[in-house]
Amino acid sequence: MSREKKERLIVFYADRCIQCHSCEVACQLENNTPAGIRLRRVRNFEKGRFPEVKKFYISSACFHCNSPACASACAVGALVKRSDGTVNHLQHRCIGCGYCIQACPFKVPQFNPAQNIMRKCSFCTQRIDRGRLPACVAKCTTKALVYHPEGKIPIELQDYGEIENLHMIYKLVHKAEEYGLPVPVPLNTTTENQLWMWLAGLLPAIGMTFVLIRMAQKIEGDKGDE
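Just so we're clear, the structure is a prediction, and the values are computed from it rather than from any experiment. (Residues numbered from 1 in each chain as written. Predicted model: local features only at pLDDT ≥ 70, side-chain atom pairs only at ≥ 80, totals over all residues. Heavy atoms only, no water.)

**Student:** Looking at this model, I keep getting lost on unusual backbone geometry. Mind explaining?
**Tutor:** Among all residues save glycine, negative phi is the norm, and among peptide bonds the norm is trans. Phenylalanine 50 connects to proline 51 through a cis peptide bond whose omega is 10 degrees. Along the chain, proline 51 falls in the loop between β2 (41–47) and β3 (54–60). In this structure, the amide linkage connecting valine 183 to the following residue, proline 184, adopts the cis form with an omega of -5 degrees. (Helix = DSSP H or I, 4+ residues; strand = E, 2+ residues; numbered from the N terminus.)

Structure, rendered in structure tokens:
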């Protein structure tokens, strides 16, 4: 499946990353995320034996999948895939149910207990809609993160996420699994098991609603007897 034109892309070049965490800090400041919630995260890995140990890094965030299961799982429409390929999170709609975590094959969404909602990278849509770079890209001093607003990559990367039309692509130096990435790239589809998990998650809410209705009926009945 070919990528549509004008779909936003961010490409991470692993050979340029120096683990400065500038992208991570910029993301935190731009999105006003509390301590413990990192919408973009820089991780380090090691390979080899002493004294020939090599360190390498990855800056990871939401993949903004071509067919986002998180958006399909969201019962209140808080996750919306836009025409430019980005998956936006509308915080004012989110109820913190966690279904998006169950659906996401990369386990990207995080629960923010301070706000009682889910949080995830929204591709800085508040910035790109004004013609600005995503915060992480703007602050990357080594150009390890490169933004492609038209979805056109100068070369055929043939790397992690490109074939699957993800909107966060990784140009890696080592094998994907050495960076903690799932291999193969998981299909972003809603499975039958996930559907049953979501339905099971509704049971407590249905039970509580029934209890509240019964309590309200009892109160009204008591009032009528007075």
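There's more to say after this.
**Student:** Sorry, what's going on with the side chain of arginine 119 here?
**Tutor:** By the secondary structure assignment, arginine 119 is in strand β7 (residues 117–119). At 9.7 Å, glutamate 30 is the nearest oppositely charged side chain to arginine 119, a buried residue that forms no salt bridge. Of the polar contacts made by the side chain of arginine 119, one reaches the side chain of glutamine 115; its length is 3.1 Å. If we skip the residues at most four places from it in the chain, arginine 119 touches Asn31, Asn32, Thr33, Pro34, Ile37, Leu39, His89, Gln91, Pro109, Gln110 and Asn112. (Buried < 20%, exposed > 50% of the residue type's maximum accessible area, 1.4 Å probe, protein only. Lys, Arg positive; Asp, Glu negative; His and termini not counted. Salt bridge = Lys/Arg side-chain N within 4 Å of Asp/Glu carboxyl O. Polar contact = N/O pair within 3.5 Å; in protein donor to acceptor, adjacent residues only side chain to side chain. Contact = heavy atoms within 4.5 Å.)

**Student:** What should I look at first to understand the sheet that holds strand β9 (residues 168–171) in this one?
**Tutor:** One open sheet accounts for three strands, arranged β8-β1-β9; its pairing is mixed. In the strand order of this sheet, the two ends are held by β8 (145–148) and β9, each with one partner. On average, adjacent strands in this sheet sit at an angle of 25 degrees to one another, irrespective of strand direction. (Pairing = 2+ DSSP bridges. Axes fitted to C-alpha atoms, helices over the stretch in contact; angles between N-to-C directions.)

**Student:** Can you help me understand the layout of surface pockets in this one?
**Tutor:** In this approach a probe as big as a water molecule rolls over the atoms, and the regions it shows empty are the leftover space. In this structure, the largest pocket spans a volume of roughly 290 Å³. As for the largest pocket, its lining consists of 20 residues, of which Arg41, Ser60, Phe106, Lys107 and Val108 are closest to the centre. Residue classes in the lining of the largest pocket are distributed as 11 nonpolar, three polar and six charged. (1 Å grid on protein atoms, 1.4 Å probe; cavity = no way out; pocket = protein on both sides within 12 Å on 5 of 7 lines; lining within 4 Å. Points joined across faces, edges and corners; volume = space filled by probe spheres on them. Nonpolar A, V, L, I, M, F, W, Y, C, P; charged D, E, K, R; others polar.)

**Student:** What am I meant to see in helix α1 (residues 22–31) here?
**Tutor:** Each turn of an α-helix holds 3.6 residues, which means side chains three or four residues apart point in the same direction. Residues of α1 that are buried: Cys23, Glu24, Ala26, Cys27, Gln28 and Asn31. Its buried side turned inward, α1 meets β2, β3, β7, α4 (125–128), α5 (135–138) and β8. Of the residues one or two after α1, asparagine 32 is the one with positive phi, at around 50 degrees.

**Student:** Would you explain the pattern of salt bridges in this entry?
**Tutor:** It is possible for side chains of opposite charge to pair when their charged atoms get near one another. Per the counting criterion, the structure on display carries seven salt bridges. The closest approach of N and O atoms between arginine 38 and glutamate 24, which form a salt bridge, is 3.4 Å. A residue pair is termed long-range when its members are at least 10 positions apart, and arginine 38 in the loop between α1 and β2 and glutamate 24 in helix α1 qualify at 14 residues. For arginine 38, a relative accessible area of 36% gives the class partly exposed. Across the pair lysine 171 and aspartate 159 runs a salt bridge whose closest N-O atoms are separated by 3.7 Å. Note that lysine 171 is positioned in strand β9 and aspartate 159 in the loop between β8 and β9, a separation of 12 residues in sequence. On the basis of relative accessibility, which here comes to 28%, the residue lysine 171 falls in the partly exposed class. Salt bridges linked by common partners bring Arg8, Arg82, Asp84 and Asp129 together as one network.

**Student:** Could you clarify how one ought to interpret the pairing of β3 in this entry?
**Tutor:** Look at any regular strand and the pattern is simple: side chains alternate between the two faces of the sheet. Burial analysis of β3 places five of its seven residues in the buried class, which makes it a mostly covered element. Examined bridge by bridge, β2 and β3 share seven bridges and lie antiparallel to one another. Of the residues in β3, the one forming a bridge with asparagine 44 is tyrosine 57. Connecting β2 to the antiparallel partner β3 that follows it, the hairpin turn spans six residues, and glycine 48 within it adopts a positive phi of roughly 100 degrees.

Honestly, that's just the spatial picture; any functional story needs more than this.
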